[in-house]
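Each chain, written out:
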Amino acid sequence: MKHEANKRKEEKVKEMFQPYRKFAEEVSKAEWNHFFATGRFNKYLDNLHHIPSELTERQKQTCRDQAVGILESFVSNRANDFKRTVFRSKLPQDIKLQLFYINKHHLWHCYGEIEMPLFIDGERVRGEHVLIGDDIRKLARRVFKHVLSKHRKPSYGNINLALDAKVAGIFPKEEGGATEFDYWLKISTLERGNPVHIPLKTNYYFEDVDGDLKNFCFVNLRENGNLELCLVKDKDKLPYEVKTDEISLDWGLCVMFATEFGDLYGRNFFEVLKDKDKTLTRLAKQRQKRKLNTASKRYKTIRRKLKEYMKNEINRVLTRIVKTHGPAKIIVERLDFRNPDFSKRMNRLLSQCGRLAIETKLQTLHEDYGIEIEYVNPAWTSCECSRCGWTENKNRKSRDRFVCRNNNCGTALHADVNGARVIRSRSSTSLASSFVSREAIFNALQDQFQASVERYPYWPDKTVERGRRNSPAGASTPRGVAKPKELCGNKKP
Ligand SMILES: [Zn+2]
């Protein structure tokens, strides 16, 4: 929000940054000590007055809460690293399980007894528990130490102020009061009992969101020395009629999104991008020839408009999909935006801007309507047959054609619709996890295929083409059963 603070008030707020950041640094040292001794950060660490600072006690508490928040999110990212490391290791399954348990509950540095539910052959035995042994716990600490060592611990030199009700208050202006602003923001400063009151002017975007104003504000110090003040709202859920349980979407190469039901959305999207891509490349070339910086005014304008176009189109298409199908859950791939039709520049733009737009929109749909979003691992989704599970690079005949090369199946579909169905089939399975490597997925798909071939040696309604000699499931092998080596066509996984 635009603020109307005068120079004096602004200075008073800016004075807080240096001691605030320094205190955050100090308190985080104490928090780390606590963490390594007990396994937890302490939100209620109360000997704050031992840490000298110009901040008031309340400001110290607010600062500590913010620091702990930063530490907790840092540690939960490391927990993901831990999971990935253990997942890919060659440790026996039962040790992995125990490590996952410790990791899930963040017990790496907990020194009491750790009990976990008993599993036999991957099945949980109800009501039974086992103690996790010291050697496993030591191993967990070692793995955790290893993942910690790969990252710098959070620093606080550039943090902004996240102020809660202890040190800041937000008041709507009085009825019939001044018209130039809408809220008063009261912030306690380094001078005890002498807070500043800053008038704020609201804007359309903030007022347009339905929800309750929270007693919380962000005070950001920009590089150019300007103060930025942000208020926060708790958003209400909007009314929403669920028509389908789930829908899976495939980000295509020729249409933006295909659904498992066979609809194609955003048909012109890539054409427009291709066109703009040509223009940008031409402009860049001309500039480079004249040894000028690529980013001319015209270039920048086209780029900006292009980003806007991407964002608007993505929003429009996703809104339409939700309106049409009313899904309770949307399943998408962790997206890969590389498109062979585009220049490097365009692919970069698409993967930055497009990904952000999609993730933001999905997040908004989640917040507004409570739609659940699941991301699945994208490996091999474009080469797997959604009907029989046969996976081979050559299944994808061209950009938009998918023809299964399993002679007993021969399913022919729009490639992106097939992709969407495969994504759907991966949802909530172990193949959905982004920790699984491409190779492991390929092997699992192969196993699945073999298993289902043994169960159903003949695919119903087969479209067998006898003429295909080189096909992997040819006449020389039993029907539908492939030689493992040939599964993948030319490329090794
Ligand atoms: Zn097939």
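Every value quoted in this text rests on a predicted model; they were computed, and no experiment measured them.

What follows deals with the overall build of the protein. Secondary structure assignment for the protein yields 11 helices and 16 strands. With respect to the three principal axes, the spread of C-alpha positions in the protein is 90 × 65 × 55 Å. Here the protein, with 493 residues, has 28% of them falling under the buried criterion. Sequence-distant contacts in the protein: of pairs separated by 6 or more residues, those separated by 24 or more amount to 64%.

This part is about the packing of helix α8 (residues 297–325) against helix α9 (residues 344–369). As a packed pair, α8 and α9 sit with axes 9 Å apart at the nearest point and diverge in direction by 35 degrees. The way α8 lies across α9 gives a crossing that is right-handed. Contacts between α8 and α9 involve Lys307, Met310, Lys311, Ile314, Asn315, Leu318 and Val322 on the former and, on the latter, Cys353, Gly354, Ala357, Ile358, Lys361 and Leu365. Grouping the amino acids of the contact of α8 with α9 by side-chain chemistry returns eight nonpolar, two polar and three charged.

For helix α2 (residues 17–38), built from 22 residues, the straight-helix expectation of 32 Å at 1.5 Å per residue is met to within 8% by its first-to-last C-alpha distance of 31 Å. If you check which residues of α2 are buried, you get Tyr20, Phe23, Ala24, Glu26, Val27, Ser28 and Glu31. Positive phi shows up at Gly39, right after α2, with a value of about 95 degrees.

Attention now goes to the domain arrangement of the protein. Taken domain by domain, the protein consists of domain 1 (14–149), domain 2 (165–235), domain 3 (244–376) and domain 4 (393–414 + 430–488). Measuring from the centre of the C-alpha atoms in domain 1 to the corresponding centre in domain 3 gives 37 Å.

The next subject is the sheet that holds strand β7 (residues 196–201). The four strands are arranged β1-β7-β6-β5 in an open sheet whose pairing can be described as antiparallel. Each end of this open sheet is capped by a strand with a single partner; those strands are β1 (2–3) and β5 (168–172). With five bridges connecting them, β5 and strand β6 (residues 183–187) associate as antiparallel partners. Note that in β6 the partner of Gly169 across the bridge is Lys186.

This part is about the nonpolar core. Residues Leu249, Phe257 and Ile423 are the most contacted members of the largest nonpolar core, which totals 34 residues. Among the elements of the structure, β10 (244–251), β11 (257–259), α7 (269–289), α8, β13 (327–333), α9 and α10 (415–426) are those that each provide at least two residues to this core. Among the elements that make up this core, the one with the highest residue count is α8 (six residues).

With 91% of its residues at a pLDDT of at least 70, the protein reaches an overall mean of 84. Summarising per-element confidence for the protein, the mean pLDDT is lowest in helix α11 (residues 438–455) (83) and highest in helix α5 (residues 134–149) (94). Here residues 460–493 is modelled with pLDDT under 50, and outside its nearest four sequence neighbours on either side it reaches 52 contacts, counting other chains as well.

Right, let's talk about the sheet that holds β13 for a bit. What the five strands build is an open sheet, ordered β12-β11-β10-β13-β14; its pairing is mixed. Single-partner strands in this sheet number two, and they are β12 (264–265) and β14 (372–376). As judged from the two bridges shared by β11 and β12, these two strands associate in the antiparallel manner. Bridge pairing links Phe257 to Tyr265 in β12. On the sheet, α10 packs against β10, β11, β12, β13 and β14 and is oriented at approximately 130 degrees with respect to β10.

Taking 1.5 Å per residue, 12 residues should reach 16 Å; helix α4 (residues 93–104) reaches 16 Å between its end C-alpha atoms and fits that length. Of all the residues in α4, the buried ones are Gln98, Leu99, Ile102 and Asn103. End-on, the buried residues of α4 take up no more than an arc of 135 degrees, which puts them together on one face. Seen from the buried face of α4, the exposed residues on the opposite side, beyond 90 degrees, are Gln93 and Lys104. If you follow the buried residues of α4, they end up packed against α3 (57–88), β2 (115–120) and α5. Phi for His106, located one or two positions after α4, is positive at around 55 degrees.

Our next topic: the environment of Val332. Examined against the element boundaries, Val332 turns out to sit in strand β13. Overall, the presence of 23 C-beta atoms within 10 Å leaves Val332 in the buried class. Taking the C-alpha atoms as reference, Val332 lies 6.8 Å from Ile423; in sequence the two are 91 residues apart. Val332 has contacts with Leu249, Tyr375 and Ile423, leaving out every residue within four places of it along the chain.

Let us now look at the packing of α3 against α5. With their axes 9 Å apart at the nearest point, α3 and α5 run at an angle of 120 degrees to one another. By the criterion of interaxial angle, the relationship of α3 to α5 is oblique. Taken as a pair, α3 and α5 cross one another with a handedness that is right-handed. Contacts between α3 and α5 involve Arg78, Asp81, Phe82, Thr85 and Val86 on the former and, on the latter, Val143, Phe144, Val147 and Leu148. For the contact of α3 with α5, the per-class residue count stands at six nonpolar, one polar and two charged.

Attention now moves to unusual backbone geometry. The phi dihedral of His106 falls on the positive side, at around 55 degrees, and the residue is not glycine. Tracing the sequence through the fold places His106 in the loop between α4 and β2. In this structure His106 comes out as partly exposed when scored by C-beta crowding, with 19 C-beta atoms within 10 Å. Of note, Lys291 is a non-glycine position whose phi angle comes to about 55 degrees, a positive value. The exposure class of Lys291 is exposed, given the 6 C-beta atoms found within 10 Å.

Position of Gly326 among the secondary structure elements: in the loop between α8 and β13. Residue classification places Gly326 among the partly exposed positions, given that 15 C-beta atoms sit within 10 Å. Residues Gly326 and Val147 lie 179 residues apart in sequence; the distance between their C-alpha atoms is 41 Å. Discounting residues that sit within four places of it in the chain, Gly326 has contacts with Glu241, Val242, Lys243 and Thr244.

The rules behind these values
Residues numbered from 1 in each chain as written. Predicted model: local features only at pLDDT ≥ 70, side-chain atom pairs only at ≥ 80, totals over all residues. Helix = DSSP H or I, 4+ residues; strand = E, 2+ residues; numbered from the N terminus. Buried ≥ 20, exposed ≤ 12 C-beta atoms within 10 Å, placed from the backbone. Contact = placed C-beta atoms within 7 Å. Axes fitted to C-alpha atoms, helices over the stretch in contact; angles between N-to-C directions. Left-handed = near helix turned anticlockwise from the far one by under 90°. Nonpolar A, V, L, I, M, F, W, Y, C, P; charged D, E, K, R; others polar. Expected span 1.5 Å × (residues − 1). Domains from an automatic or database assignment. Pairing = 2+ DSSP bridges. Core = buried A, V, L, I, M, F, W, Y, C linked by C-beta atoms within 7 Å. pLDDT = per-residue confidence, 0-100. Arc of directions from axis to C-beta. Parallel < 35°, antiparallel > 145°, perpendicular 65-115°, else oblique.

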